[in-house]
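Chains, contacts and geometry: an overview
If you want the building blocks of each chain, they are given just below.
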Amino acid sequence: MNKTSKKENLEREAFYEFSVGIRITHWIRAIAIVVLIVSGFYIAYVFVSPVITSEPTNFMNAKWRATHQIAGFVLIGCFLFKTYLFFFDRQSHLERISFKDALNFSILRDQLKYYLLLSPKHPHLKGVYNPLQLFSYIMFYIALFVIVLTGLVLYAHVYHEGLGGLLYTPMRVVEHWCGGLANVRIIHHIAMWVIIVFVCTHVYMAIYNAVRGKDGTIDTIVSGYKFNRKS
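Report follows, based on the coordinates. The structure presented is a predicted model; accordingly, all values stated were derived computationally and were not measured. (Residues numbered from 1 in each chain as written. Predicted model: local features only at pLDDT ≥ 70, side-chain atom pairs only at ≥ 80, totals over all residues. Heavy atoms only, no water.)

**Let's talk about the layout of surface pockets**
Put simply, the rule is: Computed over the protein atoms alone on a 1 Å grid, cavities are sets of points where a 1.4 Å probe fits but cannot get out and pockets are open sets with protein on both sides within 12 Å along at least five of seven lines; a residue lines them when it has an atom within 4 Å of a point. Grid points are joined across faces, edges and corners, and a volume is the space filled by probe spheres set on the points. Secondary structure elements are taken from DSSP: a helix is a run of H or I of four residues or more, a strand is a run of E of two residues or more, and numbering for both begins at the N terminus. Amino acid classes used here: Ala, Val, Leu, Ile, Met, Phe, Trp, Tyr, Cys and Pro are nonpolar; Asp, Glu, Lys and Arg are charged; the rest, including Gly, are polar.
In this model, the second largest pocket occupies a volume close to 730 Å³. Lining of the second largest pocket is provided by 29 residues; of these, I43, H68, G151, L154 and H188 occupy positions nearest its centre. For the lining of the second largest pocket, the secondary structure elements donating two or more residues are α2 (20–44), α3 (60–88), α6 (131–156) and α8 (181–213). Residue classes in the lining of the second largest pocket are distributed as 19 nonpolar, eight polar and two charged.

**What about the packing of aromatic side chains?**
Which entries qualify depends on this criterion: Think of it this way: a Phe, Tyr or Trp ring, Trp meaning its six-membered ring, pairs with another when their centres are within 6.5 Å, and the plane angle makes it stacked under 30 degrees, edge-to-face over 60, tilted otherwise. Relative accessibility under 20% of the residue-type maximum defines a buried residue, over 50% an exposed one, and the middle range a partly exposed one, all with a 1.4 Å probe and only protein chains included.
Inspection of the entire model under this criterion finds 18 aromatic pairs. Look at F73 and Y155: their rings are 5.2 Å apart centre to centre, the planes differ by 85°, and that puts the pair in the edge-to-face class. One end of the pair, F73, is in helix α3; the other, Y155, is in helix α6, with 82 residues separating them in the sequence. What makes Y155 buried here is its relative accessible area of 16%.

**Concerning unusual backbone geometry**
The backbone of L117 shows a phi angle near 65°, a positive value even though the residue is not glycine. With respect to the element layout, L117 can be found in the loop between α5 (105–115) and α6.

**Points about the environment of Y141**
Rule in force here: Throughout, a contact is declared for two residues whenever any of their heavy atoms are within 4.5 Å.
Within the secondary structure layout, Y141 lies in helix α6. A relative accessible area of 22% means that Y141 is categorised as partly exposed. Each C-alpha atom, one on Y141 and one on F79, is 8.5 Å from the other, the two residues being 62 residues apart in sequence. When sequence neighbours within four positions are dropped, the list of residues in contact with Y141 reads R29, F79 and K82.

**Thoughts on the side chain of Q91**
Our working rule: Throughout this description, a polar contact denotes any pair of N or O atoms lying within 3.5 Å of each other; where both atoms belong to protein, one of them has to be capable of donating a hydrogen while the other can accept it, and for residues adjacent in sequence the pair is counted only when both atoms sit in side chains.
Topologically, Q91 is positioned in the loop between α3 and α4 (93–102). Polar side-chain contacts of Q91 include one of 3.4 Å to the backbone oxygen of E17. Discounting chain neighbours no more than four positions away, the residues touching Q91 are Y16, E17, F18 and S19.

**Let's talk about α5**
Note the cut-off: Note that the arc is computed from the directions linking the helix axis to the C-beta atoms.
Along α5, the residues classified as buried are I107, Q111, Y114 and Y115. Taken down its axis, α5 places every buried residue within 90° of arc, on the same side. The inward-facing, buried residues of α5 contact α4, α6 and α8. Phi turns positive one or two residues past the end of α5, at L117, with a value near 65°.

**Structural notes on the nonpolar core**
To keep things clear, this is the line we draw: For the purposes of this section, nonpolar cores are sets of buried Ala, Val, Leu, Ile, Met, Phe, Trp, Tyr and Cys residues that join through side-chain atoms within 4.5 Å.
Judged by nonpolar contacts, the single largest core of 35 residues is most densely connected at L144, I147, M171 and I195. Setting aside anything within four residues of it in sequence, one finds I147 in contact with H188, A191, M192 and I195.

**Regarding the pattern of salt bridges**
Inclusion rule: Each salt bridge in this description consists of a side-chain nitrogen of Lys or Arg and a carboxyl oxygen of Asp or Glu lying within 4 Å of one another.
In this structure the tally under the stated criterion is three salt bridges. The shortest N-O distance in the salt bridge between E95 and K82 comes to 3.0 Å. With E95 in helix α4 and K82 in helix α3, this residue pair connects regions lying 13 residues apart in the sequence. By relative accessible area, K82 is classed as buried at 7%. For the salt bridge of R109 with D110, the shortest nitrogen-to-oxygen distance reads 3.2 Å.

**Things to note about the packing of α6 against helix α7 (residues 163–178)**
Geometrically, a packed helix pair is captured by the angle between its two axes and the distance between the axes. What counts here: What counts as an axis is a line fitted to C-alpha atoms, over the stretch in contact for a helix, and the angles between N-to-C directions run from 0 to 180 degrees. Note on angle classes: values under 35 degrees are labelled roughly parallel, values over 145 roughly antiparallel, values of 65 to 115 roughly perpendicular, and the remainder oblique. In this scheme the handedness of a crossing depends on how the near helix is turned from the far one: anticlockwise by less than a right angle means left-handed, clockwise means right-handed.
Here α6 crosses α7 at 120°, and the two axes come no closer than 8 Å. If you check the angle between α6 and α7, you find them oblique. Where α6 crosses over α7, the two elements pack in a sense that is left-handed. Along its contact with α6, which presents L149, L152, V153, Y155 and A156, the element α7 presents L163, G164, L167, Y168, M171, V174 and E175. Here the contact of α6 with α7 is composed, by residue class, of 10 nonpolar, one polar and one charged.

**What to know about a nonpolar patch on the surface**
Stated formally: To count toward a patch, a residue needs a relative accessible area over 30% and no salt bridge; like charges are then connected within 9 Å, while nonpolar side chains (Val, Leu, Ile, Met, Phe, Trp, Tyr) are connected within 5 Å. Accessibility throughout is a Shrake-Rupley quantity obtained with a 1.4 Å probe, and a residue counts as covered only by protein chains that appear here.
A contiguous nonpolar surface patch, about 430 Å² in accessible area, is contributed by V20, I24, I28, I70 and V74. For the nonpolar patch, the secondary structure elements donating two or more residues are α2 and α3. A per-element tally of the nonpolar patch places α2 first, with three residues. Following the sequence through the fold, I28 ends up in helix α2.

The quantities given are spatial measurements derived from coordinates; they are silent on function.
This is how it looks when you write it as structure tokens:
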């Protein structure tokens, strides 16, 4: 390590940004989303079929659908738990403070300058998300809510007992709002594409900030710590 790198390391301090609950929820949600995207594409367009035999055991479509449903309910669980953490987790107050940063025009201006390579440093934030990050997360959670709601409509139309029976009547109301079951499916797919675009952008920007900012952006969601420059 050269002298410049040593000096730069001394100018940074560890800051505990994400709690254990937030980090675990993030990674479970990430795995569930990948499983849902792959299985969702299969359900929409069957790109693999089993070898045809006389034995009624090749229920591949049913297995893909079951995998999709299990991952879907895992995602719902993560969504509900993350909502709870946002309001009641002590460490999540940093996420709530981000809304104040989003209303600060100078922070938005400086963040745009950083992303456009016109400034070498991030603006100073009180919360954990800059205005552009916060806006993208809001859009992500709106899309997540839509895809969960439309997914439950489709689920209730297949399973009419148990949870499906319990959800059937309220989900029929949602179906009516969407203009029919065909529209529910289309909206479900559109929300999926919004999430795919978000995930790709999210991964790219996380790597971009980690490399350019050298503040452990990617490490944060693993260890919980970020390394900020000392003021």
